[in-house]
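Chain residues, written in single-letter form:
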Amino acid sequence: LSGMERMGYNRSIVKTLSLLGFLFFFISACERKYEAPVPDNDWPLFDTADPLDTITQKAMEGIYRVTDGTDLFGSQVALKWSFNSNLTDTTYYISIFCEKDITYYTGQGRKTGTDLLFNGYWRKMVNNQTGIARFTISDTNGSRQLLSKTPMISADSITMAGLWGSGENPPTNNIVLKYVRPLYHGKAFEIMAAHTGGQTIDHLPHAENSTDMIRYSSQLGATGIQMDLRITSDGVPILFRDDDFNQRLVQKSGLLGKVEDYTYVQINTFVKLIDGQSIPTLDNALDVAVNGTNLHFVWLDTRNVGSLATIQQLQSKYIQIAQTAGRDIQIVIGIPDQQRLSIFTTLPNYTASPSLCELTFADVAATNSVAWGTKWTSGIQSSEVSQIQGQGRKAFVWTIDDPNTVSEFISQGNFDGLLSDYPTIVAYYYYVRQ
Amino acid sequence: MSDSKKIIGISMLFILGCSGVVIGQDEEVPKTGKGYSYVAYLGAGVSYFTGSIGTPASLNNTVRRLSPCGTARIMWQPEYKLGIGFETGWTPFYSYHVNGGINSSGNAEPATMNLNTIPVLMVFSMPFGQHLRLFGGPGGYLLTSHLNYYGNVREFGFSFGYMAAVNYSIRLSDNVRLATEIKWMNARQTKDVNLSAQMMAIWKLKEW
């Protein structure tokens, strides 16, 4: 090679390696860690305050106008209380649902003297932004009325004044909410949270399809949940969405391959969900849903199961437990396709097992399903919904995550429930109805 | 920045820096008038798993990170410096042994878990002087896991990833060289990272 040719080759090599280097850095940058950790919102004044009673909580629920802090919450929000419980304790949570950026706020409320204090955190679901927010309702802003035995609440009678901050930073930005009117409580409607509350990829405080997420779902506004069910190689129904173990859903353990190839004891010993929880059995999950929450509807979405017998037995067991406890909750087995319809119809006395069928009306009738489910892409389907409701069954639509589409289906559709990965936006559009 | 990103950054800076140094240096193989060749690499050595294993913290386990490993690689070496080829081999990433007393019913039941890989990688190479050659490239890792705990479960998986290696060789004959190689493998999707040191034999299979 001549000197000139040699220099040309060397230049092309440098260019090639530079390009490879750039590609490596580009890939590296694209893999940036995305998290939204719940901020540490320790507030000494709040820690020493007394709990609020449920009369006060109920009286506070309503639609509020945002007069300061619209950058965070938008111009209008819906405020609602929820609770969850374990064997020894019940904890109440305040939640605020916003349209802007699918933002929500959740926390707890207490009182000190005549001041009501609210301490919690906000989260935007369109990104990973989160932060602390604290509110106070003082004597002059409606607390005396809220603390009375029979609160009389009207427009502008409650003002929640507070501060919010970003991340772990102390809250310094003003936010003021003024009560406008009560929440909409017209036609009953199930706000259904997918995967027991939301998706792991959205970095909620708990992993999807977990018992902690079931408890948390009410704070997200859900009145019902959908569980993804699989069956282990030894026949135990568990909650897990994907076909295989992957680091999107579980912590690293070295175990590969299909969930169904492992026994429950193997999974329970070696596999942890991304937040460190164990993968729950359906038995665990229904126990929490029935005994630990106020959810009204549980959709058992069966994925790749060979038999529904154990699922039917657990469904029956927890329907009995709920009835004994006076709980208003429906537990339905999902029938999404012909294969699972065939499996369902082999069950003993299957027409007595509540189900949600996503197939034809003839299949819905043949299985005596309590509800019909349909894809949102089929549209609002007013006549079909009326027809199914005319048979005394419910109509559900799945899975809608786009806020505009959620708004359209709630305002123009007549469904009995809507499944979403973002129940807070469904709650917002439902409760602000007039 | 995570450790693996630092390693990528340092590696690439090293490669880019060196690429400027080599301009004008001698070729690794003296010119014979023939411009193209196929070169085979066969190596064996030890690998050390540098990533996080992630065994559940509650388990009393013994982890083995050091294992024997092997590499097979074939390169197409044109008349200019940048070569391209294909690499595979066998690398046990890690294994762990759980020392019983771990199940919910309180029974002591020992368990073992192994994770191994067969890399399937596209490789670029670049000589630096007469003895040194860098390798690097993207591809995939075929993974096998084997759990023995209340029964055996053997499963397969796949992870995209890449590798980078430094190879130092000496000439034994016109067609044969002996080398040592330090190699870094990263199965990016499953976050399995491994470093190996191997002895290698290099054959020039065909030249034209």
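Asker: Explain the overall build of chain B to me, and be specific about the residues and the numbers.
Answerer: In terms of regular secondary structure, chain B is built from one helix and nine strands. Order of helices (α) and strands (β) in chain B, N terminus to C terminus: α-β-β-β-β-β-β-β-β-β. Buried positions account for 49% of the 208 residues belonging to chain B. Intrachain contacts of chain B at a sequence separation of at least 6 include 63% that bridge at least 24 residues. A total accessible area of about 9,600 Å² is found for chain B, and carbon and sulfur atoms account for 63% of it.

Asker: Explain the overall build of chain A to me, and be specific about the residues and the numbers.
Answerer: In terms of regular secondary structure, chain A is built from 14 helices and 18 strands. When its C-alpha atoms are laid out on the principal axes, chain A stretches across 95 × 60 × 45 Å. Per-residue burial over chain A gives 54% buried out of 434 residues. Once local pairs closer than 6 in sequence are excluded, the contacts in chain A between residues at least 24 apart make up 60%.

Asker: Which residues make up the nonpolar core, and what values go with them?
Answerer: Ile214, Met227, Leu282, Leu286, Val298, Leu300 and Leu418 of chain A are the most contacted members of the largest nonpolar core, which has 71 residues in total. The element contributing the most residues to this core is helix α14 (residues 423–431) of chain A, with seven residues. Non-local contacts of Leu286 of chain A, meaning those with residues more than four positions away in its chain, are made with Met227, Asn291, Val298, Leu300, Leu314, Gln315, Tyr318 and Ile331 of chain A. Grouped together as the second largest cluster of nonpolar side chains are 44 residues, Ile238 of chain A together with Phe49, Val153 and Ala187 of chain B included.

Asker: Could you give an account of the pairing of strand β9 (residues 192–207) of chain B, with specific residues and numbers?
Answerer: All names here are of chain B. Pairing of strand β1 (residues 37–49) with β9, which is carried by 13 bridges, proceeds in the antiparallel orientation. Note on β9: the bridge partner recorded for Tyr38 is Lys206. Both strand β8 (residues 176–187) and β9 contribute to a ladder of twelve bridges, which runs antiparallel. Bridging across to β9, Thr180 finds its partner in Met199. Where β8 hands over to β9, the hairpin turn is made up of four residues, of which Lys191 adopts a positive phi near 55 degrees.

Asker: Which residues make up the side chain of Gln199 of chain A, and what values go with them?
Answerer: Within the fold, Gln199 of chain A resides in the loop between β10 (190–193) and α6 (211–217). Not counting the four nearest positions on each side in its chain, Gln199 of chain A is found in contact with Leu204, Glu208, Arg241, Asp421 and Tyr422 of chain A.

Asker: Go over the packing of aromatic side chains with me, naming the residues and quoting the values.
Answerer: Within this structure, the stated rule accounts for 29 aromatic pairs over all chains. When the ring of Tyr105 of chain A is compared with that of Phe135 of chain A, the centres are 5.2 Å apart and the planes differ by 90 degrees; the resulting orientation is edge-to-face. You can see Tyr105 of chain A sitting in strand β5 (residues 103–112) and its partner Phe135 of chain A sitting in strand β7 (residues 130–137), a full 30 residues away along the chain. Aromatic rings pair up to connect Phe270 of chain A together with Phe49, Phe93, Tyr94, Tyr96, Tyr141, Tyr149 and Tyr150 of chain B into one cluster. Positioned above the aromatic ring of Phe135 of chain B, the side-chain terminus of Arg73 of chain B is 4.1 Å from the ring centre.

Asker: Summarise the pairing of strand β9 (residues 173–181) of chain A; cite the residues concerned and give the values.
Answerer: Walk down a regular strand and you will see the side chains alternate between the two sheet faces. One ladder, built from five bridges, connects strand β2 (residues 62–68) of chain A with β9 of chain A; its direction is antiparallel. Its bridge partner being in β9 of chain A, Tyr64 of chain A is matched across the sheet by Tyr179 of chain A.

Asker: Residue-level account of α14 of chain A, with values.
Answerer: Structurally, the α-helix is built with 3.6 residues per turn, so residues lying three or four positions apart point the same way. For α14 of chain A, the tally of buried residues reaches nine of nine residues, placing the bulk of the element in the interior. Every buried residue of α14 of chain A is listed here: Pro423, Thr424, Ile425, Val426, Ala427, Tyr428, Tyr429, Tyr430 and Tyr431 of chain A.

Asker: Got a sec to walk through unusual backbone geometry? Specific residues and values, please.
Answerer: Residue and element names in this part refer to chain A. At His195, a position not held by glycine, the phi torsion is positive, near 55 degrees. Turning to its location among the elements, His195 is positioned in the loop between β10 and α6. Phi at Asn349 is positive, roughly 50 degrees, even though this residue is not glycine. With respect to the helices, strands and loops of the structure, Asn349 is situated in the loop between α10 (338–344) and β15 (355–357).

Asker: So what about the pattern of salt bridges? Which residues, and what values?
Answerer: Residue and element names in this part refer to chain A. Summed over the entire model, instances satisfying the criterion amount to 20 salt bridges over all chains. Close ionic contact of Asp228 with Arg303 constitutes a salt bridge, the shortest N to O distance being 2.9 Å. Linking Asp228 in strand β11 (residues 224–231) with Arg303 in the loop between β13 (297–302) and α9 (309–325), this pair joins segments that are 75 residues apart in sequence. Ionic pairing is found between Lys317 and Asp283, a salt bridge with its closest N-O pair at 3.3 Å. Of the two residues, Lys317 sits in helix α9 while Asp283 sits in helix α8 (residues 282–291), which places them 34 residues apart along the sequence. Among the residues examined, Lys317 registers a relative accessible area of 36% and is labelled partly exposed. Accessibility expressed as a relative area gives 26% for Asp283, which makes it partly exposed.

What counts as what
- Residues numbered from 1 in each chain as written.
- Chains lettered and ligands numbered in written order.
- Predicted model: local features only at pLDDT ≥ 70, side-chain atom pairs only at ≥ 80, totals over all residues.
- Heavy atoms only, no water.
- Helix = DSSP H or I, 4+ residues; strand = E, 2+ residues; numbered from the N terminus.
- Buried < 20%, exposed > 50% of the residue type's maximum accessible area, 1.4 Å probe, protein only.
- Contact = heavy atoms within 4.5 Å.
- Areas by Shrake-Rupley, 256 points an atom, 1.4 Å probe, with all protein chains shown as cover.
- Core = buried A, V, L, I, M, F, W, Y, C linked by side-chain atoms within 4.5 Å.
- Pairing = 2+ DSSP bridges.
- Phe/Tyr/Trp six-rings, centres within 6.5 Å; stacked < 30°, edge-to-face > 60°.
- Lys NZ or Arg CZ within 6 Å of the ring centre and 35° of its normal.
- Salt bridge = Lys/Arg side-chain N within 4 Å of Asp/Glu carboxyl O.

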